[in-house]
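# Observations on the three-dimensional arrangement
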Amino acid sequence: MSNTNEITQKFSSSIYIKVFFILTILTGLTILQPLLIHMNYLPTLSVQMLIAFTKITFVVMYYMHIKGASSIYKRLILAAMLLVAVLATFTIYDTHIRLLMHNDFFSN
Amino acid sequence: MANATVEPEIVYDKEGNAHEVVDFNNDYEGAKLGFWIFLLTEIMIFSSLFLVYAFYFDQNTNDFVQASEHMDRLLGGINTFVLLISTLTMGLSVISLKNNDVKKSTKYIWITIIFATIFLIIKYNEWMLEIGEGFYPSSSYLDSLGNGVKLFFGLYFTLTGLHGVHIIVGIGVMLWILGKIKKGEISSLNFVVLENTALYWDFVHIVWIIVFPIFYLIY
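About the criteria used
- Every chain begins its residue count from 1, and numbering advances along the sequence as written.
- Key to labels: chains lettered from A, ligands numbered from 1, both in the order written.
- A pLDDT threshold of at least 70 governs which residues receive local features in this predicted model, and a stricter bar of 80 or more applies before side-chain atom pairs are shown or counted, although totals over entire chains, interfaces and linings include all residues.
- As a rule here, side-chain values come from all non-hydrogen atoms in the structure, and water together with hydrogens is ignored.
- Secondary structure elements follow DSSP: runs of H or I of four or more residues count as helices, runs of E of two or more count as strands, with numbering from the N terminus.
- To get the radius of gyration, use the C-alpha atoms; to get the globule rule, take the number of residues to the power 0.38 and multiply by 2.2 Å.
- Each residue gets one of three labels from its accessible area relative to the maximum for its type: buried under 20%, exposed over 50%, partly exposed in between, using a 1.4 Å probe on protein chains only.
- By nonpolar core we mean a set of buried residues, namely Ala, Val, Leu, Ile, Met, Phe, Trp, Tyr and Cys, connected to one another through side-chain atoms within 4.5 Å.
- Segmentation of the chain into domains, including their bounds, is taken from an automatic or database domain assignment.
- Whether two residues are in contact is decided by their heavy atoms, any of which lying within 4.5 Å being enough.
- We place a 1 Å grid over just the protein atoms. Points where a 1.4 Å probe fits but has no way out form a cavity, open points with protein on both sides within 12 Å along at least 5 of 7 lines form a pocket, and any residue with an atom within 4 Å of a point lines it.
- Grid points are joined across faces, edges and corners, and a volume is the space filled by probe spheres set on the points.
- In this count, Pro and Cys sit with the nonpolar residues alongside Ala, Val, Leu, Ile, Met, Phe, Trp and Tyr, while Asp, Glu, Lys and Arg are called charged and the others, Gly among them, polar.
- When two parts are put together, the accessible area they lose, computed with a 1.4 Å probe and summed over both, is reported as buried area.
- Any carboxyl oxygen of Asp or Glu within 4 Å of a side-chain nitrogen of Lys or Arg constitutes a salt bridge here.
- Any N or O atom pair separated by 3.5 Å or less is treated as a polar contact, with the protein-specific requirement of one donor-capable and one acceptor-capable atom, and with residues adjacent in sequence counted only for side-chain atom pairs.
- Counted as positive: Lys and Arg. Counted as negative: Asp and Glu. His and the chain ends are not counted at all.
- pLDDT is defined as a per-residue confidence score from the predictor, taking values between 0 and 100.

## Structural notes on the overall build of chain B
For chain B, the count of helices and strands is seven helices and two strands. A compact globule built from 219 residues would reach a C-alpha radius of gyration of about 17 Å, whereas chain B, at 23 Å, exceeds it by more than 25%. Projected onto the principal axes, the alpha-carbon positions of chain B cover approximately 75 × 40 × 35 Å. In chain B, which comprises 219 residues, the proportion classed as buried is 50%.

Dropping the structure here:
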């Protein structure tokens, strides 16, 4: 069996170059945003993360060929994301509880 | 054992008919799936570190914002574009090989290696600048600053160091692939290794997409 596969056959260099220009514009926005629009750290971080996840979506969909790939790859990525989300939830919950306990201890 | 012959591997279908397994070492889907599972372990490693960053950022927000002001945004920004271009050239090398243009594919891999090396040189200079200013773990200057600043630089050196190790591994794999292409072991009919390396390189790029704003741009 050769490696010729319909997943990879769909993509051409023109798609790569188009995505590259989109990523370049988004990278420019990433660098310019804090210089041009002065905001507090929280809105800045939110905007930066929004741009970062947009860039990641383009890379995963077009450069890593997930767009048009079989569902097993999409499910694998989703499973990894869910696992990270579970870890994040436990960490946030743990941090919150510790903070409550800390405040209770010093208030008594 | 010099004259030992390899016994053919036989599998049976539902009707009990025997079939010889051929080409079992060239399983495209298996190779891709296996590599994606490897990438998922990598996602877990870096996600854990990003989670540690988020935790300490929440606990030491002001220190992190203050520490971020010491970062060299110009060098970080240049490195972002360097990795972005290298991701494109890596992808183009795969397309060229699929189109049976081995020479062009080899050229693109070499360009990717050059950009990866530029990234490392810039990162090395950046680290040296930061170390020169006293921002390195256990330095007396860093110890005199807040705990949050120490945590920020500890995480910065850990994450960018681990990322740098991935870049070095990537360069090594690309050089190995160039040898394989030269021998004809990777070709337009057998390109899954190059395709998986391109996936790895995309992942390295993705990590930097997150690392850059959280360390350089949170002021």
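From this point on, the discussion continues.
## Comments concerning the nonpolar core
If you look at the biggest cluster of nonpolar residues, it comprises 83 residues, and the most contacted ones within it are A:Met64, B:Trp36, B:Tyr53, B:Phe152, B:Phe153 and B:Phe215. Counting residues per element, this core draws most heavily on helix α7 (residues 192–216) of chain B, at 18 residues. Looking at this core, you find at least three residues from each of domain 1 (11–69) and domain 2 (70–108) of chain A. Non-local contacts of A:Met64, meaning those with residues more than four positions away in its chain, are made with A:Val59, B:Trp36, B:Leu39, B:Leu199, B:Asp202, B:Phe203 and B:Ile206.

## What to know about the layout of surface pockets
To find leftover empty space, a probe the size of one water molecule is rolled over the atoms. By volume, the largest pocket amounts to about 1,200 Å³. For the lining of the largest pocket, the secondary-structure elements that each account for two or more residues are α3 (41–63) and α4 (71–107) of chain A together with α1 (28–59) and α7 of chain B. Here the lining of the largest pocket gets 12 residues from one element, more than from any other, and that element is α1(B). Taken together, the residues that form the lining of the largest pocket break down as 30 nonpolar, five polar and two charged.

## As for the interface of chain B and chain A
On the chain A side, the residues contacting the 49 residues of chain B number 45 residues. Note on chain B versus chain A: buried area summed over both sides is about 4,300 Å², and carbon and sulfur give 78% of it. Summed over the shared surface of chain B and chain A, the number is zero salt bridges. At the boundary of chain B and chain A, one finds one residue pair in polar contact (both at pLDDT 80 or more). Every element with two or more residues in the side of chain B that touches chain A is listed here: α1, α2 (61–68), α3 (73–98) and α7 of chain B. Here the residues of the side of chain B that touches chain A sort into 32 nonpolar, 10 polar and seven charged.

## Concerning the domain arrangement of chain A
Residue and element names in this part refer to chain A. Once the domains are mapped, chain A shows domain 1 (11–69) and domain 2 (70–108). Centre-to-centre separation of domain 1 and domain 2, based on C-alpha positions: 26 Å. At the junction of the two partners, domain 1 supplies four residues and domain 2 supplies five residues. When the buried surface of domain 1 facing domain 2 is broken down by residue, Val-60, Ile-66 and Ala-69 rank first, second and third, together holding 94% of it. Where domain 1 touches domain 2, the interface holds zero residue pairs in polar contact (both at pLDDT 80 or more).

## A closer look at the side chain of B:Glu130
All names here are of chain B. Tracing the chain through its elements places Glu-130 in helix α4 (residues 102–132). The buried charged residue Glu-130 lacks any salt bridge, with Lys-123 as its nearest oppositely charged partner at 5.8 Å. Residue contacts for Glu-130: discarding those within four places in its chain leaves Met-71, Phe-135, Tyr-156 and Phe-157.

## Side note on the confidence of the model for chain A
All names here are of chain A. On average, residues of chain A score 85 in pLDDT, and 89% of them are at 70 or above. The secondary structure element of chain A with the lowest average pLDDT is helix α1 (residues 6–9), at 46, and the one with the highest is α3, at 93. Below pLDDT 50 for its whole length, residues 1–8 participates in 23 contacts with residues either more than four positions away or in separate chains.

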